[in-house]
Amino acid sequence: MEEIVTIMEERYGKSERIWVMDRGMSSADNIEFLKEGNRRYIIGTSKGMLREYEQQIISQDWTKIGRRWGSGASRLVWAMSQGRCWMRLPR
């Protein structure tokens, strides 16, 4: 991940882009790398973190997007596409 980000920034500049990655990229090292460079990012959360917020998530009506938890620069946002609304959190 670092190599791709570095190449893109060298080639096109740092700009105001937002890096978007799936949860397979959510290692502590990758997140630290993004934070160190003051990069903005959206990254899929691990299943473990979903379990941490599971009760808050399942207790609400999720027909709306944009529920958030957390504070400071990092926030957990729950969003689901119409095609995946049938899915449930892992138990």
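Residues numbered from 1 in each chain as written. Predicted model: local features only at pLDDT ≥ 70, side-chain atom pairs only at ≥ 80, totals over all residues. Heavy atoms only, no water.

## Considering the nonpolar core
Line of reasoning, step 1. Within the largest apolar cluster, five residues are counted, these being Val5, Trp19, Met21, Phe33 and Leu34.
Line of reasoning, step 2. Of all the secondary structure elements, the ones that give two or more residues to this core are strand E1 (18-21) and helix H2 (28-36).
Line of reasoning, step 3. For Trp19, the contacting residues outside a window of four places in its chain are Val5, Met8, Glu9, Leu34, Arg39, Arg40, Tyr41 and Ile42. (Core = buried A, V, L, I, M, F, W, Y, C linked by side-chain atoms within 4.5 Å. Buried < 20%, exposed > 50% of the residue type's maximum accessible area, 1.4 Å probe, protein only. Helix = DSSP H or I, 4+ residues; strand = E, 2+ residues; numbered from the N terminus. Contact = heavy atoms within 4.5 Å.)

## Some thoughts on the packing of aromatic side chains
Line of reasoning, step 1. The full count for this structure, using the stated rule, is zero aromatic pairs.
Line of reasoning, step 2. In this structure, Arg39 is placed above the aromatic ring of Phe33, and the distance from its NZ or CZ to the ring centre is 4.2 Å. (Phe/Tyr/Trp six-rings, centres within 6.5 Å; stacked < 30°, edge-to-face > 60°. Lys NZ or Arg CZ within 6 Å of the ring centre and 35° of its normal.)

## Looking at a nonpolar patch on the surface
Line of reasoning, step 1. Residues Ile4, Met8 and Tyr12 make up a contiguous nonpolar surface patch of roughly 320 Å² in combined accessible area.
Line of reasoning, step 2. By secondary structure assignment, the location of Tyr12 is in helix H1 (residues 2-12).
Line of reasoning, step 3. According to the relative accessible area criterion, Tyr12 is exposed, its value standing at 54%. (Patch = residues over 30% accessible without salt bridge, like charges linked within 9 Å, V, L, I, M, F, W, Y side chains within 5 Å. Areas by Shrake-Rupley, 256 points an atom, 1.4 Å probe, with all protein chains shown as cover. Salt bridge = Lys/Arg side-chain N within 4 Å of Asp/Glu carboxyl O.)

## So, a negative patch on the surface
Line of reasoning, step 1. On the surface, a cluster of negative charge is made up of Glu2, Asp29, Glu32 and Glu36.
Line of reasoning, step 2. In this fold, Glu32 is placed in helix H2.
Line of reasoning, step 3. For Glu32, a relative accessible area of 40% puts it in the partly exposed group. (Lys, Arg positive; Asp, Glu negative; His and termini not counted. Charge placed at Lys NZ, Arg CZ, Asp CG, Glu CD.)

## Side note on the pattern of salt bridges
Line of reasoning, step 1. Under the defined criterion, the tally for this structure stands at two salt bridges.
Line of reasoning, step 2. With its nearest N and O atoms 2.8 Å apart, the salt bridge here joins Glu9 to Arg39. Separated by 30 residues along the polypeptide, Glu9 in helix H1 and Arg39 in the loop between H2 and strand E2 (40-43) bring together distant segments of the chain.
Line of reasoning, step 3. Of the residues examined, Arg39 reaches a relative accessible area of 14% and is grouped as buried.
Line of reasoning, step 4. Among the ionic pairs, Glu16 bridges to Arg40, the shortest N-O distance being 3.9 Å.

## What about the confidence of the model for the protein?
Line of reasoning, step 1. Per-residue pLDDT for the protein has a mean of 76; in total, 64% of the residues score no lower than 70.
Line of reasoning, step 2. Averaged pLDDT values for the elements of the protein fall to 53 in strand E3 (residues 67-69) and rise to 95 in H1. (pLDDT = per-residue confidence, 0-100.)

## Observations concerning H2
Each α-helix winds once per 3.6 residues, and so residues spaced three or four apart point in a common direction.
Line of reasoning, step 1. Of the positions making up H2, those classed as buried are Asn30, Phe33 and Leu34. One side of H2 holds all its buried residues, which, seen down the axis, span an arc of 95°. Along H2, exposed side chains directed more than 90 degrees from the buried face belong to Ala28, Asp29 and Glu36.
Line of reasoning, step 2. Contacts made by the buried residues of H2 are with H1, E1 and E2.
Line of reasoning, step 3. One or two positions beyond H2, positive phi appears at Asn38, with a value near 50°. (Arc of directions from axis to C-beta.)

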